[in-house]
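Residue-level listing of the chains:
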Amino acid sequence: NLVGGEVLNFTIAVNNDGDAPAYAVVVKDLLPSELANLEFVSGTGAEVTYDGGRNEFVITSIAKESSVVIQYKAAVINPVGAERSFSNSASIVTYK
């Protein structure tokens, strides 16, 4: 069971399997309604910034055949019982 106020840790890995660098990569995370107060912790492998108003992470660039790891945390605002589950997903919305 998850209780209100409990903090969960998340990790997103963004891979560039292409043969050229990717620039201005924007990753959007749509948090489930049970979670709020997303807090950016770190980005490894490239410069990463967080736009809290849009729940978007912006990766300056990802070298070819490389990856970037984004870590963040969010708080549970609505209790989640043992009989209920939820999932969280993130997606790349733009890149150059």
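Basis of the calculations
Residues numbered from 1 in each chain as written. Predicted model: local features only at pLDDT ≥ 70, side-chain atom pairs only at ≥ 80, totals over all residues. Heavy atoms only, no water. Helix = DSSP H or I, 4+ residues; strand = E, 2+ residues; numbered from the N terminus. Buried < 20%, exposed > 50% of the residue type's maximum accessible area, 1.4 Å probe, protein only. Pairing = 2+ DSSP bridges. Axes fitted to C-alpha atoms, helices over the stretch in contact; angles between N-to-C directions. Phe/Tyr/Trp six-rings, centres within 6.5 Å; stacked < 30°, edge-to-face > 60°.

Caption draft 1: Structural context of unusual backbone geometry. Despite not being glycine, A24 shows a phi value in the positive range, around 50°. Inspection of the secondary structure puts A24 in strand β2 (residues 22-30). The exposure class of A24 is partly exposed, given its relative accessible area of 30%. Unusually for a residue other than glycine, E65 sits at a positive phi of about 55°. On the secondary structure map, E65 appears in the loop between β5 (56-62) and β6 (66-76). Among the residues examined, E65 registers a relative accessible area of 64% and is labelled exposed.

Caption draft 2: Broad picture of the sheet that holds strand β4 (residues 48-51). One open sheet holds the four strands; their spatial order is β4-β5-β2-β7, and the pairing between them is antiparallel. Of all the strands in the sheet, the pair left with one neighbour each is β4 and β7 (89-94). In this sheet, neighbouring strand axes are inclined to one another by 30° on average, regardless of whether the strands run parallel or antiparallel. Relative to β5, β4 is paired through four bridges, and the arrangement is antiparallel. Each residue of the ladder has a partner; that of T49, found in β5, is V58.

Caption draft 3: Here's a closer look at the packing of aromatic side chains. With the rule as written, the count across this model stands at four aromatic pairs. Geometrically, the ring pair formed by F10 and Y72 is stacked, given 5.2 Å between the ring centres and 15° between the ring planes. Of this pair, F10 sits in strand β1 (residues 7-16) while Y72 sits in strand β6, and the two are 62 residues apart along the sequence. By the ring-pair criterion, three or more aromatic residues cluster together here, those being F10, F40, Y50, F57 and Y72.

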